[in-house]
Amino acid sequence: MHADDRLAAIRDRIARAAKLARRDTADVTLIAVSKTHPAEAIEPLLAAGQRDFGENRVQEAQAKWPALKDPYPDARLHLIGQLQSNKAADAVAMADAIHAVDRSSLITALAKAMDAQDRRPTCFLQVNIGAEEQKGGCAIADLPALIAEARTADLPVAGLMCLPPADTEAAPYFALLAKLARDNGITGLSMGMSDDFETAVMIGATHVRIGSALFGDRPVVRTPTGFRKRA
Ligand SMILES: *Cc1c(COP(=O)(O)O)cnc(C)c1O
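Residues numbered from 1 in each chain as written. Predicted model: local features only at pLDDT ≥ 70, side-chain atom pairs only at ≥ 80, totals over all residues. Heavy atoms only, no water.

Caption draft 1: Looking closely at the overall build of the chain. In terms of helices and strands, the chain carries nine helices and 10 strands. The C-alpha radius of gyration computed for the chain amounts to 17 Å, which stays within 12% of the reference 17 Å derived for 231 residues, consistent with globular compactness. Seen along its three principal axes, the alpha-carbon backbone of the chain occupies a region of about 45 × 45 × 40 Å. Counting only residues that meet the buried cut, the chain has 48% of its 231 residues in that class. (Helix = DSSP H or I, 4+ residues; strand = E, 2+ residues; numbered from the N terminus. Rg over C-alpha atoms; globule rule 2.2 N^0.38 Å. Buried < 20%, exposed > 50% of the residue type's maximum accessible area, 1.4 Å probe, protein only.)

Caption draft 2: Spotlight on the nonpolar core. Counting 63 residues, the largest nonpolar core has Trp 65, Leu 110, Leu 155, Leu 160 and Val 208 as the members making the most contacts within it. Here this core gets seven residues from one element, more than from any other, and that element is helix H5 (residues 104-117). Setting aside anything within four residues of it in sequence, one finds Trp 65 in contact with Ser 34, Ile 42, Leu 46, Phe 53, Glu 55, Ala 75 and Leu 77. (Core = buried A, V, L, I, M, F, W, Y, C linked by side-chain atoms within 4.5 Å. Contact = heavy atoms within 4.5 Å.)

Caption draft 3: Examining the site of the ligand more closely. Residues in contact with the ligand, as listed here, are Val 33, Lys 35, Ile 80, Met 161, Met 193, Ser 194, Arg 209, Ile 210, Gly 211, Ser 212 and Arg 218. Within the backbone of Gly 211, an N or O atom sits 2.8 Å from an oxygen atom of the ligand. Expressed as a share of its isolated accessible area of 390 Å², the protein-covered part of the ligand is 91%. Here the residues of the shell around the ligand are counted per class, giving five nonpolar, three polar and three charged. (Near = heavy atom within 4 Å. Polar contact = N/O pair within 3.5 Å; in protein donor to acceptor, adjacent residues only side chain to side chain. Areas by Shrake-Rupley, 256 points an atom, 1.4 Å probe, with all protein chains shown as cover. Nonpolar A, V, L, I, M, F, W, Y, C, P; charged D, E, K, R; others polar.)

Caption draft 4: Molecular detail of the packing of aromatic side chains. Under the counting rule described, the total for this entry stands at one aromatic pair. Aromatic side chains Phe 53 and Trp 65 sit 5.0 Å apart centroid to centroid with 45° between the ring planes, which places their arrangement in the tilted category. Placement of the pair is Phe 53 in strand S2 (residues 52-55) and Trp 65 in helix H3 (residues 58-69), with a sequence separation of 12 residues. The pair Phe 53 / Trp 65 is uniform in exposure class, with both members buried. (Phe/Tyr/Trp six-rings, centres within 6.5 Å; stacked < 30°, edge-to-face > 60°.)

Caption draft 5: Representation of unusual backbone geometry within the structure. Positive phi is not limited to glycine here, since Asp 154 has a value of about 70°. Position of Asp 154 among the secondary structure elements: in the loop between helix H6 (143-152) and strand S6 (157-161). The phi angle at Asp 167 is positive, at roughly 55°, despite the residue not being glycine. As for its placement among the helices and strands, Asp 167 is situated in the loop between S6 and helix H7 (171-183). Relative accessible area serves as the criterion here: at 85%, Asp 167 is assigned to the exposed category.

Caption draft 6: Just the UniProt feature "modified residue: N6-(pyridoxal phosphate)lysine" (unreviewed entry) in the chain, in detail. Under the present numbering, the feature "modified residue: N6-(pyridoxal phosphate)lysine" (unreviewed entry) in UniProt falls on Lys 35. Among the secondary structure elements, Lys 35 is positioned in the loop between strand S1 (29-33) and helix H2 (39-47). The exposure class of Lys 35 is buried, given its relative accessible area of 10%. (UniProt positions renumbered as here; feature names shortened; annotations may be inferred.)

Caption draft 7: Quick peek at H6. Where H6 is concerned, the buried positions are Leu 143, Leu 146, Ile 147 and Ala 150. The buried residues of H6 occupy an angular sector of 100° when the element is viewed end-on, so they sit on one face. Relative to its buried face, H6 has exposed residues pointing more than 90 degrees away, namely Ala 145 and Thr 152. Taken together, the buried residues of H6 touch strand S4 (97-101), H5, strand S5 (122-126), S6 and H7. Of the residues trailing H6, Asp 154 is marked for its positive phi of about 70°. (Arc of directions from axis to C-beta.)

Written as structure tokens, this is what we have:
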């Protein structure tokens, strides 16, 4: 299947899930997660009208996106990966949205960079929804304080973001993120990936982040315990 056929199929599945949930499909932004994929794989999607893209590494995004954006100035770049505070200025300079804001030190660094550059990408606060040690995101108990801090620092908080635990039913975690958003007066929900985006849409996702279902599998990397798809 060609990239534009895959895109049409994914958009169709999003639209069907939205309709079932009595939602407007226009309220769901499809973020095409293009990390690890070269410009040649991304261009056909731009040509087919896709405008929101996700990358998880600042350096990789810096290498690929200026040239891609040149003919498509309305393309929007979402940084979806863990962000080090020392990359905050680069992230603010380049991104239209930052999805993994999860701690005070990062909020401070982003606010400082936004003030200096007079540029304010929208921010999603990442929640460690399954309380997993190895995952980024703030603890659920710390979320209200983090939201308050982000608002005080004038970060444009657009929503909450999560990555549910692997190999388990995602729906309860999506529902929990939606509840946390409601409880805190937040409307955006960045949740749902290739394997579970329809579930996420039915539970209220406003941004789904889809990589492999659009681009095919990412390269496999060797780890101390075996092999896995590159994150
Ligand atoms: C890679 C990645 C995705 C996309 O994952 P797929 O399973 O390939 O759709 C979504 N969100 C984040 C944060 C990612 O790092």
